[in-house]
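# A look at the structure
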Amino acid sequence: MIRLALALILLLANPLQAQDRRPSHCISLVQNLPGGVYLYRAAFTDPLPDYTVRLRYVAHASFLIRGKGGTTAVTDYTGFLGNTDFVPDVATMNRAHSSHWTALPDPRIPHVLPGWNPDGGPADHHLDLGEMLVRSVSTDIRSWSGGVESGEDGNSIFVFEVAGLCIGHLGHLHHVPTDEQFAALGRLDVVMAPVDGGNTLDLPSMIRVLTRLRASIVIPMHWFGDGTLSVFLAGMQDKFEIDRVGGPDLEVSLRSLPQRPTVMVLQPAYLSDDD
């Protein structure tokens, strides 16, 4: 009731802004819900419990996100998912390096969402598939000289809203988001974060970003060996629990979010029809 009352106050205070705002349950006053036990280690095609999402760390910065109804999305899609003919419903891409996109995506994929706008300016995706909503928040891209590419808005953070969860993939983020970008992201329950500390955002800055986002689950990605990963985990352990899951899969729901923000380390594994 309190959340509803606050939402009505905001609506009355600025009705035009409320009418123009795209639907999103993540950009709201809702706080992370406490939870109990999280589940993992299931085949990527297995049925899911109600109100549950399966995450599979495929490789580098690619994750498979699957809802209960079978809607699937792959992040930073490179054209190769493993020994399988699996075709996702959505493929998002970022163009920082060839390990984050492909110029020749599988033509059977219904929705291919580049994190940049070929016509210039920011990408502005808002794809509602019923079970899953996919939207983008534009960010800068690093040039080969180390600066910001002319025109900015070269990459995107993608947010996947499914089963009441808000799942953010930071992509090839190399700068601290602005206040406006943080506001556009909204609440994130789960966030995939690049933690290489060099090609993307430096580790102290990334840790500050993740501390501000305060997601219940942080999944490290874009790391090169245990050395880089260990440095990141050491910087996070004072404010986050550390859980080395040991496999590529994680099942999560609003009810199963950990009570204390937790870094959950998944080991990447390509998809296989033998899973």
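Attention here is on the structure that accompanies the text. Not measured: the values here are computed from a predicted model.

So, on to the packing of helix H4 (residues 203-213) against helix H5 (residues 225-236). Contact geometry of H4 with H5 gives a least axis separation of 10 Å together with a crossing angle of 45 degrees. It follows from the interaxial angle that H4 and H5 lie oblique. The hand of the H4/H5 crossing is right-handed. Of the residues in H5, those in contact with Leu-203, Ile-207 and Leu-210 of H4 are Thr-228, Val-231, Phe-232, Gly-235 and Met-236.

Moving on to the sheet that holds strand E14 (residues 249-252). Strand order in the open sheet formed by six strands is E6-E5-E3-E2-E1-E14, with mixed pairing between adjacent strands. The sheet is open, and its two borders are formed by strand E6 (111-114) and E14, each paired with just one other strand. Taken pair by pair, the neighbouring strands of this sheet meet at an average axis angle of 15 degrees, ignoring direction. Inspection of the sheet shows strand E2 (residues 62-66) paired to strand E3 (residues 72-74) by three bridges, in the antiparallel sense.

Counting residues in each nonpolar core, the largest one holds 58 residues, and the members touching the most others are Leu-55, Ile-167, Leu-170, Leu-210, Leu-213, Ile-219 and Phe-232. Other than its neighbours up to four places away in sequence, Leu-55 contacts Leu-64, Ile-65, Ile-167, Val-190, Met-192, Ile-219, Pro-248, Asp-249, Leu-250 and Val-252. Among the nonpolar cores identified, the runner-up in size contains 13 residues, and Ala-59, Leu-81, Phe-86 and Trp-116 belong to it.

What counts and how
- Residues numbered from 1 in each chain as written.
- Predicted model: local features only at pLDDT ≥ 70, side-chain atom pairs only at ≥ 80, totals over all residues.
- Heavy atoms only, no water.
- Axes fitted to C-alpha atoms, helices over the stretch in contact; angles between N-to-C directions.
- Helix = DSSP H or I, 4+ residues; strand = E, 2+ residues; numbered from the N terminus.
- Parallel < 35°, antiparallel > 145°, perpendicular 65-115°, else oblique.
- Left-handed = near helix turned anticlockwise from the far one by under 90°.
- Contact = heavy atoms within 4.5 Å.
- Pairing = 2+ DSSP bridges.
- Core = buried A, V, L, I, M, F, W, Y, C linked by side-chain atoms within 4.5 Å.
- Buried < 20%, exposed > 50% of the residue type's maximum accessible area, 1.4 Å probe, protein only.

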